Amino acid sequence: MPDSTGAGAGIAQTALDSVQRCPREAIAIAQRVLASRGVDNDERATAHRALGLALRELHDLPGALRHLRRAVRVADTARTRALARMSLGFVLANAGRTAAALRAVTTALPELTGADAGRARMQRGVVLHYRGRYDEAVRDYGHAIDIAQREGDLLLEARARNNRGLLNAHRGAGGGADDLARAAAVFHGLGLDLAAADARWNSGIAAGRRGDVATALRCFAAVGEEYQRLAVPRPALLLDRVELLLSVPLVDEAVQVAAVATRELRHRGMASDLAEALLAQARAALLAGDLDTATAAAAAARTRFRRQGRRTWAAFARHVELRAEFRRGTRSAALFTAMLRTADQLDATGWPDPALTTRIDAGLLAAAIGRTDRARELFTTAARTRGRGTAPRRAQGWYALALARRLGGDEPGAARALSRGLAVLDRHRTSLGATELRAHSGAYGQELAAEGLDIAVRAGAPARVLAWAERWRANALRTRSALPPEDPELVAALAELRLVSSLLEDAVLADRPVRALRGRQARLEQRIRDLARRAAGGTGAVDPPRVGALAERLGSRVLVELVAHGDRLRAVLVRDGRASLHDLGPLGEATRLARWHRFGLRRLITAGDTVAAQAGAAHAAAALDRQLFDPLRHRLADRPLVIVPVGALHSVGWAGLPTCAGRPVTVAPSATVWLGADARIPAAGPPVLASGPRLPAGQAEVHRLTQVLPDARLLTGADATAEALTAALDGAGMVHIAAHGTFRADNPQFSSLELADGPLFAYEWERVTRPPDCVVLSACDSGLTGVRPGDEIMGFAAVLLALGTRCLIATVLPVPAEPTTALMLDLHRHMRAGTHPAQALARAQHSFTTSTTDPTAQATAAAFICLGAS
């Protein structure tokens, strides 16, 4: 929030007027005034004031306070001294000394009249804003606007509107966007570029508060470039970025940005913003499940807020501490009392969202300790929010209503409320264009879907269990990515990243320094993420299918949808038009066995024929097979399977399990996605074969495949570029790529295949308008996916399935070249003969494993899966 300027004299006033235009220029002018002889004390005071405010813009708070105190001391007239006190109060508030700031500004008010009084009113509003006295702050901003309009002072009006608009945006009150737009226009008209940039940045904050993430990101990106042009640092704006990241939520990135903000603000001595950064760090850690960090950072923030007299903010920090304690499993009357007190404080001081979540947690705690009537009362109060606010807030209101109804024994009513809440989130999800944002937004439906699933499981209703699982599962893949296919900035950034990645690879191989290249790579990846996230939303989500629709498409196949229900793993099995529900035992045990099985296969591939490796892999496979399939075995017979995994089971090599060996198995992220893919009309374009560099076996593989696919388009050597392959994907019937692959667990959209001109990133395939029907990736780890809340998958598989590709055959492990090539040749022979992909893969795997006793070759075959449909 910018400071106002007073009326000085001569050149010193010019320095003051330059603060919001160019702080460094203001400093240079003020220093010339102070170095001159014959300057009176008031002009000297004005020069010190200009220096202080300019240093504040550059985040040198100690220097700013030093000069503003000098301005107060040297001023001759009461008016000049009062203006200096007013500015001093503003910077004291920035430094976290809000009590002293309020005294300074309040002392200045009686000495000022006209527009000066309006500026002081606005400045007191700023201090009250910092202290969390929002209603008083809004009144002072309103008084300042009235005075400005009476005096004809456009600059004062714009500054007061900017501050009022930002405060109302934070509070979710109306009028904020209009105030900010008018402020930005006036600043721009007055040539105050920095002030205009601040107002436009605040418009991005307002958009984020409304839930319009794409608009907020576009705004932040544009204004960030303006700040760079003006060479003005804005470290506190990292806090706004954290807020936006948490709203998606992009938790891992929010944790990183909050850590950077904390370090930067501590280094600059910005005590007020540092306390907010610690709170942001605590909130991010809480979402990430790091309860120790959440508690420590929230406690540190609360201590700082209390020292600064910011009781409202201290209540917010306390809210995070209490939520962390509840997540730890504490269920006590003392915690319940503290939650109620904090929720009331948050409501009273204008923090409705944390008040809502605290009240819901308090209700859950009350129910857990036997205070059912009190719990129902709290849920009913929280449910009143379901008709207003952002989508996550409204969904929380529906969740609270469902909890109240369940306590009253109205299970059908609870299910209806949960369904309404998930519908709100579905509409919100379609407003997010980028795959990454849609995948992460699944976190918001977790509680609602889990509650609905629990209702269905307890009722023993398999069709309803399936419906609830599908309501939340892989929703991001129900809509095609809305990434602009011809975004020139994104295309250029991806091309530059490809070049930098190639240079980095060369430098690593040559043992040259890589620090600068890694830094450039990280900056480019952030640029690409920002560009991709600005995309507008796509089409509406497809409703989950009913059992009848699935059964009609399944035919003789059996669908096994795995479902996490608390700490239990359950399965809904659909066969011959009927659904059944099965308990498969502890979820944690299945997860452990899946990882053990994966480790066993990897060890066979890398360690080869050792007794220990073979025994370990066989034992893990048998144990996992027993848990997953023994309860289902009498219903499976020898039929083809469609498996919808959960969590860590997405990376299972299914053909390595005895029940799946030799059987056609299709793996899908959800039954909804499978149904859509299976019903899609296959593309009929010619096949494409491509190989990447530094992989002689890959080139040999695609050349041998030309004997099976003589009509295929061949891309090898220098012809196998990212652009050529992306273009070849468009409309192809089948695409086979043999190239080095890299799976990026930190951001699966940067997973890549190495081609002649560098890596081809998963991001780039989102630009394909006519997706290929079937894609075969024989590269290492090409079938791995990043799994987000709601079993949202990210990586090549997610991109291809979202585009409309029917199936992807790929590997979930690193695989050696020679056995892979033999397997791929057999696979394509079967597919060329008209066999469906899952059946073709099963036949190739079975003949391969029965014709060799080499455990490495057998593990290689087991590592391939068929994703999507077949």
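This is a predicted model, so every value here is computed, not measured.

Bringing the overall build of the protein chain into the picture now. For the protein chain, the helix and strand inventory stands at 39 helices and 16 strands. Over its C-alpha atoms the protein chain spans a radius of gyration of 31 Å, differing by no more than 12% from the 29 Å that the globule rule assigns to 870 residues. A principal-axis box enclosing the C-alpha atoms of the protein chain has dimensions of 100 × 70 × 45 Å. Looking at the protein chain as a whole, 60% of its 870 residues qualify as buried. Within the protein chain, residue pairs in contact and separated by at least 24 positions form 69% of the contacts whose partners lie at least 6 positions apart. If you sum the accessible surface of the protein chain, you get close to 32,500 Å²; carbon and sulfur atoms cover 51% of it. Averaging the locations of the 112 positively and 88 negatively charged side chains of the protein chain gives two centres separated by 5 Å.

Formed by 95 residues in total, the largest nonpolar core has its most connected members in F629, W654 and W765. The dominant element in this core, judged by the number of residues it contributes, is helix α30 (residues 611–629), at seven residues. Sequence-distant contacts of W765, defined by excluding residues within four places in its chain, comprise T726, L729, I737, L753, L760, L777, F796, V799, L800 and L803. With 79 residues, the next largest nonpolar core counts I29, Y134, A315 and A324 among its residues.

On to the sheet that holds strand β2 (residues 568–575), then. Within the open sheet, the 11 strands sit side by side as β3-β2-β1-β4-β5-β16-β15-β12-β8-β6-β7. Their pairing is mixed. Of all the strands in the sheet, the pair left with one neighbour each is β3 (578–586) and β7 (713–715). Taken pair by pair, the neighbouring strands of this sheet meet at an average axis angle of 20°, ignoring direction. Here α30 sits on the sheet in contact with β2, β3 and β4 (641–644), set at roughly 135° to β3. Together, β8 (734–738), β12 (774–777), β15 (807–811) and β16 (864–868) form the strand contacts of helix α37 (residues 817–832), whose direction differs from that of β12 by roughly 165°.

This brings us to unusual backbone geometry. Its identity is not glycine, yet D576 carries a phi of approximately 55°, on the positive side. For A637, which is not glycine, the phi torsion reads 50° and is therefore positive. On the secondary structure map, A637 appears in the loop between α31 (633–636) and β4.

This paragraph deals with the pairing of β4. Neither face of β4 is left uncovered, since the one carrying L641 and I643 and the one carrying V642 and V644 both have all their residues buried. Pairing geometry for β4 and strand β5 (residues 665–667), over three bridges, is parallel. When the sheet's bridge partners are listed, I643 is paired in β5 with V667.

This brings us to the pattern of salt bridges. In total, this model carries 45 salt bridges according to the counting rule given. Residue R376 pairs with D373 through a salt bridge whose shortest N-O separation is 3.4 Å. Of the two residues, R376 and D373 are both situated in helix α20 (residues 372–383); the distance of three residues between them amounts to about one turn of the helix. On the basis of relative accessible area, R376 is assigned to the partly exposed category, the value being 29%. In this structure D373 comes out as exposed when scored by relative accessible area, which is 59%. Put simply, D757 and R498 hold a salt bridge, and the shortest N to O gap is 3.7 Å. On the criterion of sequence distance, the pair formed by D757 in the loop between β10 (752–755) and β11 (758–761) and R498 in helix α26 (residues 488–509) is long-range, its members being 259 residues apart. Among the residues examined, D757 registers a relative accessible area of 33% and is labelled partly exposed. Residue classification places R498 among the buried residues on the basis of a relative accessible area of 9%.

With respect to topology, three strands assemble into an open sheet ordered β9-β10-β11, the strand pairing being antiparallel. Where the open sheet ends on each side, the last strands, each with one partner, are β9 (741–742) and β11. By the bridge criterion, two bridges tie β9 to β10 in an arrangement that is antiparallel. Looking at the pairing, T742 lines up with S752 of β10.

Let us look at the confidence of the model for the protein chain. Looking at the protein chain as a whole, its pLDDT mean stands at 86, while 92% of the residues score no less than 70. Long-range and interchain partners of residues 1–9, a stretch whose pLDDT sits below 50, account for 47 contacts in this model, where long-range means more than four residues apart. Confidence drops under a pLDDT of 50 for residues 480–485, and excluding neighbours within four residues, the segment shows 24 contacts in the predicted structure.

By the definition in use, this model includes four aromatic pairs. Ring geometry for W201 versus F220: centroids 4.1 Å apart, planes at 15°, classification stacked. Of this pair, W201 sits in helix α11 (residues 193–209) while F220 sits in helix α12 (residues 213–230), placing them 19 residues apart in sequence. Considered together, W201 and F220 belong to a single accessibility category, that of buried residues. Judged by centre distance (5.5 Å) and plane angle (35°), the ring pair of F305 and W313 falls under tilted. Overall, F305 belongs to the buried group, its relative accessible area being 0%. Overall, the relative accessible area of 13% leaves W313 in the buried class. What links up through ring pairs into an aromatic cluster is the set W201, F220 and Y227. The ring of F326 carries the charged tip of R331 above its face, separated from the ring centre by 3.9 Å.

Conventions and cut-offs
- Residues numbered from 1 in each chain as written.
- Predicted model: local features only at pLDDT ≥ 70, side-chain atom pairs only at ≥ 80, totals over all residues.
- Heavy atoms only, no water.
- Helix = DSSP H or I, 4+ residues; strand = E, 2+ residues; numbered from the N terminus.
- Rg over C-alpha atoms; globule rule 2.2 N^0.38 Å.
- Buried < 20%, exposed > 50% of the residue type's maximum accessible area, 1.4 Å probe, protein only.
- Contact = heavy atoms within 4.5 Å.
- Areas by Shrake-Rupley, 256 points an atom, 1.4 Å probe, with all protein chains shown as cover.
- Lys, Arg positive; Asp, Glu negative; His and termini not counted.
- Charge placed at Lys NZ, Arg CZ, Asp CG, Glu CD.
- Core = buried A, V, L, I, M, F, W, Y, C linked by side-chain atoms within 4.5 Å.
- Pairing = 2+ DSSP bridges.
- Axes fitted to C-alpha atoms, helices over the stretch in contact; angles between N-to-C directions.
- Salt bridge = Lys/Arg side-chain N within 4 Å of Asp/Glu carboxyl O.
- pLDDT = per-residue confidence, 0-100.
- Phe/Tyr/Trp six-rings, centres within 6.5 Å; stacked < 30°, edge-to-face > 60°.
- Lys NZ or Arg CZ within 6 Å of the ring centre and 35° of its normal.

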